[in-house]
Amino acid sequence: MSKLIEFLSYLGSFIYPWLTEVSTAIIACALVVFGSDINRFLRRYLTGRSFIIRTFIFVLVNAFGYGLIIVKLSPLLAQYMAGVSSHWLFLLIIAVFFAIGGWAQRNKQV
């Protein structure tokens, strides 16, 4: 068991220098998967509104909203992941990407 933990710690230690990029990838993947749900909600909410308002809100949410989420949440997520020990960090990142992939598969996005 200690060999497994040692191996996971070894793999996790390679991730620490890349936490900012990994957290950006996690946030971006989550937005890709959940973006269609958010856009569907907005489409329903904005039905019947004028073209100008719908277009403005679409641009606001997709260009600035998603961008702001990526820019603001990625460093925060990287900071939280930096506090995780290396053997758990590797498993956590693998689990998060599999969870996002599973969600995408279940919602027929893959």
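Please refer to the structure higher up on the page.
Residues numbered from 1 in each chain as written. Predicted model: local features only at pLDDT ≥ 70, side-chain atom pairs only at ≥ 80, totals over all residues. Heavy atoms only, no water.

**Q** So what about the overall build of the protein chain? Which residues, and what values?
**A** Per the secondary structure count, the protein chain includes four helices and zero strands. Listed N to C, the secondary structure of the protein chain is α-α-α-α in terms of helices and strands. In terms of C-alpha radius of gyration, the protein chain reaches 18 Å, well past the compact-globule figure of 13 Å for 110 residues. The principal-axis extent of the C-alpha atoms belonging to the protein chain is close to 65 × 30 × 15 Å. Looking at the protein chain residue by residue over its 110 residues, the buried ones come to 23%. (Helix = DSSP H or I, 4+ residues; strand = E, 2+ residues; numbered from the N terminus. Rg over C-alpha atoms; globule rule 2.2 N^0.38 Å. Buried < 20%, exposed > 50% of the residue type's maximum accessible area, 1.4 Å probe, protein only.)

**Q** Break down helix α1 (residues 2–13) for me, with residues and values.
**A** Taking 1.5 Å per residue, 12 residues should reach 16 Å; α1 reaches 16 Å between its end C-alpha atoms and fits that length. Regarding α1, the residues found buried are L8, S9 and G12. For α1, the angular spread of buried residues about the axis comes to 105°, placing them on one side. Along α1, the residues that are exposed and aim more than 90 degrees away from the buried face are K3 and E6. (Expected span 1.5 Å × (residues − 1). Arc of directions from axis to C-beta.)

**Q** I'd like to hear about helix α4 (residues 86–106), residue by residue, with values.
**A** Between its first and last C-alpha atoms α4 spans 30 Å; for 21 residues at 1.5 Å apiece the expected length is 30 Å, and the two agree. Those residues of α4 not exposed but buried are S86, H87, L89, I93, I100 and A104. Contacts from the buried residues of α4 go to α1, α2 (19–46) and α3 (51–82). Residue K108 follows α4 closely and has a positive phi angle near 55°. (Contact = heavy atoms within 4.5 Å.)

**Q** Account for the packing of α2 against α3, naming residues and giving values.
**A** In the contact formed by α2 and α3, the axes pass within 8 Å of each other and the chain directions differ by 150°. The orientation of α2 relative to α3 falls into the category roughly antiparallel. Of the two possible hands of crossing, α2 and α3 adopt the one that is right-handed. Partitioning the contact of α2 with α3 into residue classes produces 19 nonpolar, seven polar and one charged. (Axes fitted to C-alpha atoms, helices over the stretch in contact; angles between N-to-C directions. Parallel < 35°, antiparallel > 145°, perpendicular 65-115°, else oblique. Left-handed = near helix turned anticlockwise from the far one by under 90°. Nonpolar A, V, L, I, M, F, W, Y, C, P; charged D, E, K, R; others polar.)

**Q** Tell me about the packing of aromatic side chains, and name the residues and values.
**A** Under the definition given, this model contains three aromatic pairs. When the ring of Y10 is compared with that of F14, the centres are 4.9 Å apart and the planes differ by 85°; the resulting orientation is edge-to-face. (Phe/Tyr/Trp six-rings, centres within 6.5 Å; stacked < 30°, edge-to-face > 60°.)

**Q** Please set out the nonpolar core residue by residue, giving values where relevant.
**A** If you look at the biggest cluster of nonpolar residues, it comprises 11 residues: I15, L19, V22, I26, V33, A78, M81, L89, I93, I100 and A104. Among the secondary structure elements, those contributing two or more residues to this core are α2, α3 and α4. (Core = buried A, V, L, I, M, F, W, Y, C linked by side-chain atoms within 4.5 Å.)

**Q** Describe a nonpolar patch on the surface, listing the residues and the values that go with them.
**A** Residues F56, F58, V59, L60 and F64 make up a contiguous nonpolar surface patch of about 530 Å² in total accessible area. By secondary structure assignment, the location of F64 is in helix α3. Taking the relative accessible area as the measure of exposure, F64 reaches 55% and is therefore exposed. (Patch = residues over 30% accessible without salt bridge, like charges linked within 9 Å, V, L, I, M, F, W, Y side chains within 5 Å. Areas by Shrake-Rupley, 256 points an atom, 1.4 Å probe, with all protein chains shown as cover. Salt bridge = Lys/Arg side-chain N within 4 Å of Asp/Glu carboxyl O.)

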